[in-house]
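# Geometric and topological summary
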Amino acid sequence: MDKNKLAYLKSLRPGPHRNGNEILKDGIKLGKTIKAGKSRFARESGYSSYLDYKKDCMKKGKITWNILMGLASLEEQVEATRELYEFTRRLGFSVDSLQPIPSGLVALPKEYRENAPSTTSFVTETFDDYKAQVEAAPIEVTFNDYHLASPNCLETTIWAIEAGASLIGEFSQIVWGYPGFTDELKRFSDMVTCLGILAAKRDDMFAVKTYLDDGLPGYFIDTVSYVGYTLIEHYICTQLCNVRYMVAYGGLLTEGDTRMAIAMAIDKLLSTEDQPALHYINSSTNSQWDHDIHANYGASVQEYLFEILVERKYNMGLGINPVAITEKLRVPTLEELQNIFLAGKRAEEYAHQWDKFMDFSYLEKMRDILVEQGKVFFDNFLAGCTDAGVDVKDPLDLILFIRNFNPLKFEQMFHPSTFDEDTEDIQPFQPTILGRQTVDMRDEIVSDLLKAGYEGSLKGKKIIIASADAHTYGLLLVEGVLTSMGAEVVNGGVDMDAADLLDLADEEGTLFAGISCHNGQALDYGRQLAELRKERGRDYTIFMGGKMNAILPGHSEPTDIEHMLHDLGIFAENNMSKTIPFLGAR
């Protein structure tokens, strides 16, 4: 391995900590004292568990459907779950599983929530809040976002199991950070404890779930790396912790061949008769328009049709998670979720007419490349860990090591084209579309700015940029544009809170700071920045991009709040043709 890469890996070795296998044993012991609930879905469906239901669907060739839903209050969420069930029953269809999307505040212990930016969805406070969701309808409810890999994971994992929710996630969110919470060792020790609890519930068919795009794969430019990273998580869960493991993915992938080849590769590598590896594929969120939104039905339905045809052929257990046509604009309403689900079900109704025309040999060749090279990626990871002195038999050591990575470097370290080479220039076997789109969009924006005469307009300016959450591609785009205009850019990375953003600006000796916000946090984040600027008495030039909306008092749906950010003295535009001249004039 290149000596510089090895030096970097050694710098990421976790500090002293209790052995992860001892923590795992404590979790197993604790898990045996916890009484697992049985969901309303399991009680009324006649199956002993959701997993047994899913395996039976695979045998029968029945495709399962999943819905993600996160409304403004718990009461609305529970009522919408009931309405969704009654709606589908009336039409003779079924939503098989529902994934609530709660507020990010759920990830934090209660004493940390007051000072954290609020988001657009509901907050769960008690076990009864979990039970209410699971009991709302005979739909399997799974608790994934902001649970297993979060600072509050011990409480929420226990509540989810006691309520009877079979899938706990998201493992991939180990890379997420949470403003105000800095005790990483406690956070991930608790996560390993939760893995022990789930190991104790293996025979009850409880499992870890991951959503790849929320983790390191969201930064990858090659789909080979998606598969290789999945093998890493699978190794930690199944080999080290004896926990069942299931995979969802897809939101950041657009091209049908790569979307389905990943599923086929993961299925071939990881699925067993006892444990299918796949839960669902999420609709692509990159192909949607943010204007004339009804056109998004066209992009979505052809996507579902192809996925249905591949699943009909290979029976992998890959469910479909349709995304509403408004996803790019705001949190979808129940009606919008129902509409996109119906569009997908009607596509499924007629999919059999296409079977005789389909030739999947191209996909099978792609699958085999992903299998072969994904295993190389995984082997490279284990070899790199061993060379760096990381204990590959200790789940906590591995989780902390992965957490310590700069997410942009992970793929560069272990990709088959770079692992043993003195280069970080990845040569993808099958590139992701988002990486290409980001580069193309950056180049188009830069070209337009150069034509408009802005070349060198930011020369001599040092600008700090960061993301307030885990989103990164927009950050990379902005970095490229600012640099092309002559700025010296310091990329602070993801999950940066307001105080740390301005601290970084102070350390770098600049008053320029830009932040990317999503998840409805923009207004709270902007208010924090404005207050900090006033307290420090420094004239920071702050600009913001991303999804600038929030749920305002008296509203149940997000509202655009760019004007409110401008009133706070923050330049808020998703248009670099406006942002560049603004910064240049300061």
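Below is a summary of the structure that appears in this document. All of these numbers come straight from a predicted model, not from anything done at the bench. Starting from 1, residues in each chain are numbered consecutively following that chain's sequence as written. Two thresholds apply to this predicted model, a pLDDT of at least 70 for residue-level local features and 80 or more for giving and counting side-chain atom pairs, whereas whole-chain, interface and lining totals are computed over all residues. The side-chain numbers reported here are obtained from all heavy atoms of the structure, hydrogens and water having been left aside.

Here the focus is the overall build of the protein. Secondary structure follows DSSP: runs of H or I at least 4 residues long count as helices, runs of E at least 2 residues long count as strands, and numbering of each begins at the N terminus. Of regular secondary structure, the protein possesses 21 helices and 15 strands. Across the protein, contacts joining residues at least 24 apart in sequence account for 79% of those joining residues at least 6 apart. Surface exposure of the protein reaches about 22900 Å², of which carbon and sulfur atoms provide 49%. With 58 positive and 87 negative side-chain charges, the protein shows a separation of 4 Å between the mean positions of the two kinds. Note on contacts: a residue pair qualifies if any of its non-hydrogen atoms lie within 4.5 Å across the two residues. Here the Shrake-Rupley method, with its probe set to 1.4 Å, supplies the accessible areas, and only the displayed protein chains count as covering residues. Only four residue types enter the charge count: Lys and Arg as positive, Asp and Glu as negative, with His and the chain ends excluded. Think of each charge as sitting on NZ of Lys, CZ of Arg, CG of Asp or CD of Glu.

Here, a salt bridge means any Lys or Arg side-chain nitrogen found within 4 Å of an Asp or Glu carboxyl oxygen. According to the stated counting rule, one finds 34 salt bridges in the structure shown. Aspartate 52 is the salt-bridge partner of lysine 55, the closest N and O atoms lying 3.8 Å from each other. Taken together, the residues lysine 55 and aspartate 52, both in helix α4 (residues 50–60) and three residues apart, mark about one turn of the helix. With relative accessibility at 21%, the residue aspartate 52 sits in the partly exposed group. Each residue is assigned to one of three classes by its accessible area relative to the maximum for its type, calculated with a 1.4 Å probe on protein chains only: buried under 20%, partly exposed between the two thresholds, exposed over 50%.

On to the sheet that holds strand β10 (residues 488–491), then. When DSSP finds two or more bridges between a pair of strands, those strands are recorded as paired. Taken in spatial order, the five strands line up as β10-β9-β11-β12-β15 in an open sheet, and their pairing is parallel. Two strands close off the open sheet at either side, each with one partner strand: β10 and β15 (571–572). In this sheet, strand β11 (residues 512–517) lies alongside strand β9 (residues 462–467) in parallel orientation, the contact comprising five bridges. Following the sheet pairing, isoleucine 464 is matched in β11 by alanine 513.

It is worth spelling out unusual backbone geometry at this point. With an omega of -5 degrees, the peptide bond between glycine 169 and glutamate 170 qualifies as cis. Within the secondary structure layout, glutamate 170 lies in the loop between β4 (167–168) and α8 (184–200). Positive phi is not limited to glycine here, since tyrosine 146 has a value of about 65 degrees. Note on placement: tyrosine 146 falls in the loop between β3 (140–141) and α7 (153–163). Positive phi values are uncommon outside glycine, yet methionine 205 reaches one of about 70 degrees. With respect to the element layout, methionine 205 can be found in the loop between α8 and β5 (207–211).

This part covers the packing of aromatic side chains. A pair of aromatic rings is counted whenever rings of Phe, Tyr or Trp (Trp by its six-membered ring) have centres within 6.5 Å, and the orientation is called stacked for planes under 30 degrees apart, edge-to-face for over 60 and tilted otherwise. Going through the model one piece at a time under the given rule, you end up with 30 aromatic pairs. Among the aromatic side chains, those forming a connected cluster through ring pairs are Tyr8, Phe220, Tyr226, Tyr229, Phe377, Phe381, Phe401, Phe405, Phe410 and Phe414.

Here we take up the packing of helix α11 (residues 296–314) against helix α12 (residues 334–350). Orientation is described by lines fitted to C-alpha atoms, with helices fitted over the stretch in contact, and by angles between N-to-C directions that extend from 0 to 180 degrees. Across the interface, α11 lies against α12 with an axial gap of 9 Å and an inter-helix angle of 45 degrees. By the criterion of interaxial angle, the relationship of α11 to α12 is oblique. Judged by the sense of rotation from one axis to the other, the crossing of α11 with α12 is right-handed. Along its contact with α11, which presents Tyr297, Ser300, Val301, Tyr304, Leu305 and Ile308, the element α12 presents Asn339, Ile340, Ala343, Gly344, Ala347 and Glu348. Orientation categories follow fixed angle ranges, with anything under 35 degrees roughly parallel, anything over 145 roughly antiparallel, 65 to 115 roughly perpendicular, and all other angles oblique. It is the rotation of the near helix from the far one that decides the hand of a crossing: anticlockwise by less than a right angle makes it left-handed, clockwise makes it right-handed.

Here we come to the nonpolar core. Considering soluble globular proteins, one finds that nonpolar side chains tend to be buried as a cluster. Among the buried residues, those of types Ala, Val, Leu, Ile, Met, Phe, Trp, Tyr and Cys that are joined through side-chain atoms within 4.5 Å form a nonpolar core. Ranked by size, the top nonpolar core spans 124 residues in total, and within it Phe171, Ile174, Phe381 and Phe410 carry the most contacts. Leave out the neighbours within four places in its chain, and phenylalanine 410 touches Leu216, Phe220, Tyr229, Ile232, Phe377, Phe381, Ile402 and Phe405. Counting 28 residues, the second-largest nonpolar core is a separate cluster that includes Ala468, Leu523, Leu529 and Ala550.

Burial in helix α6 (residues 127–134) covers these residues: Asp129, Tyr130, Gln133 and Val134. Summarising the axial view, the buried residues of α6 lie within an arc of 130 degrees, below the 170-degree limit, and thus occupy one face. Of the surrounding secondary structure, the elements contacted by the buried residues of α6 are α3 (40–45), α5 (74–91), β2 (97–100), β3 and α7. Directions are taken from the helix axis to each C-beta atom, and the arc is the one they span.

The next thing to look at is helix α14 (residues 395–403). For α14, the buried fraction is high: nine of the nine residues fall into the buried class. What α14 keeps buried is the set Pro395, Leu396, Asp397, Leu398, Ile399, Leu400, Phe401, Ile402 and Arg403. Elements in contact with the buried residues of α14: α1 (3–11), α2 (20–31), α8, α9 (223–240), α13 (361–388) and α15 (407–414). Two N or O atoms form a polar contact when they lie within 3.5 Å of each other; inside protein one atom must be a possible hydrogen donor and the other a possible acceptor, and for residues adjacent in sequence the pair counts only when both atoms belong to side chains. One side-chain oxygen of the residue at the start of α14 lies 2.9 Å from the amide nitrogen of leucine 396, identifying that residue as aspartate 394.

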